Amino acid sequence: MDNREKTIREAFVEASSFLNRHGVEEAGLNGQLLLQHLLGWSRTQLLLNWTDPFPEDLELSWQKLLGRRATGEPVQYIIGEEGFYGLTLRVTPAVLIPRPETEILVQEILYRGQRIWTDPAAEPPLMADIGTGSGAIPVAAAAYCSTWRMAAVDISPEALTVARENAERHGVAGRISFYEGDLLAPLIAAGVAPDIIVSNPPYVPSRDLPDLQREVRDFEPQLALDGGDDGLMLYRRLAAELKLLTRPPRLAGFEMGMGQAVQVAEMLRDTGLFTKVEIVKDLSGIDRHVLAEA
């Protein structure tokens, strides 16, 4: 890429071509997001100023941004943000980038929870997200259910820092309690008995980690990816720990990888805590979530 004088549009076209040559999927969208980040503009501002000259003093910064993306670094980490359930969340390499599939889990939990807790005079439910990462699930749920209380658990203190920032950003920090620890252990130790348990734990079999897309394999936290020999290690532990709570949850929802839903559903049935266990597909028709109700 050269340093000739160019318009904003020409910078975008060159960037898209450059990223495409380096194997970046959705190169055009990535170029647009990086350009908006560099200029501090919205998409509308970018289009309105499409033919303006590209600022020469930003050329070096622009090349650095493109270089980072060309090596595989996810655009979300470069710009520090990702959209989720209508919210803009802060993301860093300490947390997994929220996926659209997880929005379905939030939707299912909100729908089922609002069907179970119908009495406005009753105590609102406490929902616990186990392995909260960026806090996407509890922040989104709290934003859309103004009375629900949340607990966010993660073994990573760096992840909890990001989750707290997202809770503050969206004005729900006062309804979310944060716990550092492994799975349900901190809740059990504190005597906290959530009414709803939600989790999107690591589910990639250890042997499959080297074959992941480079953006995931080389940049996202392995702690949030590695699910043990068959990818189901954390689900077994979660199912066992549910029985250690002082009161079982009335609703539980888990996300998992392709081909794992039937086994996870069976684990939840085997706890004896739930009368109804269902598998929910994602938008691609993949069995992606297991929902259980007592």
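Each remark here, short or long, concerns the structure printed above.
So, here's what we can say about the structure. (Residues numbered from 1 in each chain as written. Predicted model: local features only at pLDDT ≥ 70, side-chain atom pairs only at ≥ 80, totals over all residues. Heavy atoms only, no water.)

1. Here we look at the packing of helix H11 (residues 233-242) against helix H12 (residues 261-270)
Operational definition: An axis is simply a line fitted to the C-alpha atoms; with a helix, the fit covers only the stretch in contact. Between two such axes, the angle follows the N-to-C directions and lies from 0 to 180 degrees. Helix and strand definitions follow DSSP, with helices as H or I runs of at least four residues and strands as E runs of at least two, each counted in order from the N terminus. Working rule for angles: under 35 degrees goes down as roughly parallel, over 145 as roughly antiparallel, 65 to 115 as roughly perpendicular, anything else as oblique. Here a crossing is called left-handed whenever its near helix is offset anticlockwise from the far helix by less than a right angle, and right-handed whenever the offset is clockwise. When checking whether two residues touch, look at their non-hydrogen atoms; a contact exists if any pair is within 4.5 Å. Charged means Asp, Glu, Lys or Arg here, nonpolar means Ala, Val, Leu, Ile, Met, Phe, Trp, Tyr, Cys or Pro, and polar covers whatever is left, Gly included.
Where H11 contacts H12, the two axes come as close as 9 Å, and the packing angle between them is 15°. Between H11 and H12, the angle falls in the class roughly parallel. The handedness of the crossing between H11 and H12 is right-handed. Counting all contacts with H11, which are made through Tyr-235, Arg-236, Ala-239 and Leu-242, the residues of H12 involved are Val-264, Met-267 and Leu-268. A class-by-class count of the residues in the contact of H11 with H12 yields six nonpolar, no polar and one charged.

2. Notes on the sheet that holds strand E6 (residues 196-199)
Inclusion rule: Any two strands between which DSSP finds at least two bridges are classified as paired.
Strand order in the open sheet made by the seven strands is E5-E4-E3-E6-E7-E9-E8, with mixed pairing throughout. The open sheet is flanked by strand E5 (176-180) and strand E8 (276-281), the only strands paired with a single partner. Going across the sheet, the axis of each strand differs from the next one's by a mean of 15°, ignoring polarity. Each of strand E3 (126-130), E6 and strand E7 (251-255) touches H11; the most contacted strand, E7, lies at about 170° to it. Its contacts with the sheet place H12 against E7, E8 and strand E9 (287-293), and it is angled at close to 10° to E9.

3. Observations regarding the packing of aromatic side chains
To keep things clear, this is the line we draw: Working definition: a ring pair exists when centres of Phe, Tyr or Trp rings (six-membered ring for Trp) sit within 6.5 Å. Plane angles under 30 degrees give stacked, over 60 give edge-to-face, the rest tilted. Note on exposure labels: buried denotes an accessible area under 20% of the residue type's maximum, exposed denotes more than 50%, and partly exposed covers the range between, all computed with a 1.4 Å probe on protein chains only.
Counted under the stated rule, the structure contains five aromatic pairs. Here the aromatic rings of Phe-12 and Trp-50 are separated by 5.3 Å at their centres, their planes lie at 45°, and the arrangement is tilted. Remark: Trp-50 occurs in the loop between helix H3 (43-48) and helix H4 (59-70) and Phe-12 occurs in helix H1 (residues 8-21); sequence separation between them is 38 residues. A relative accessible area of 19% means that Phe-12 is categorised as buried. Arranged with centres 5.0 Å apart and planes meeting at 90°, the rings of Tyr-85 and Tyr-144 form a pair that is edge-to-face. Taken together, the positions of Tyr-85 in the loop between strand E1 (81-84) and strand E2 (87-90) and Tyr-144 in helix H7 (residues 136-144) put the pair 59 residues apart, joining distant regions of the chain. On the basis of relative accessible area, Tyr-85 is assigned to the buried category, the value being 18%.

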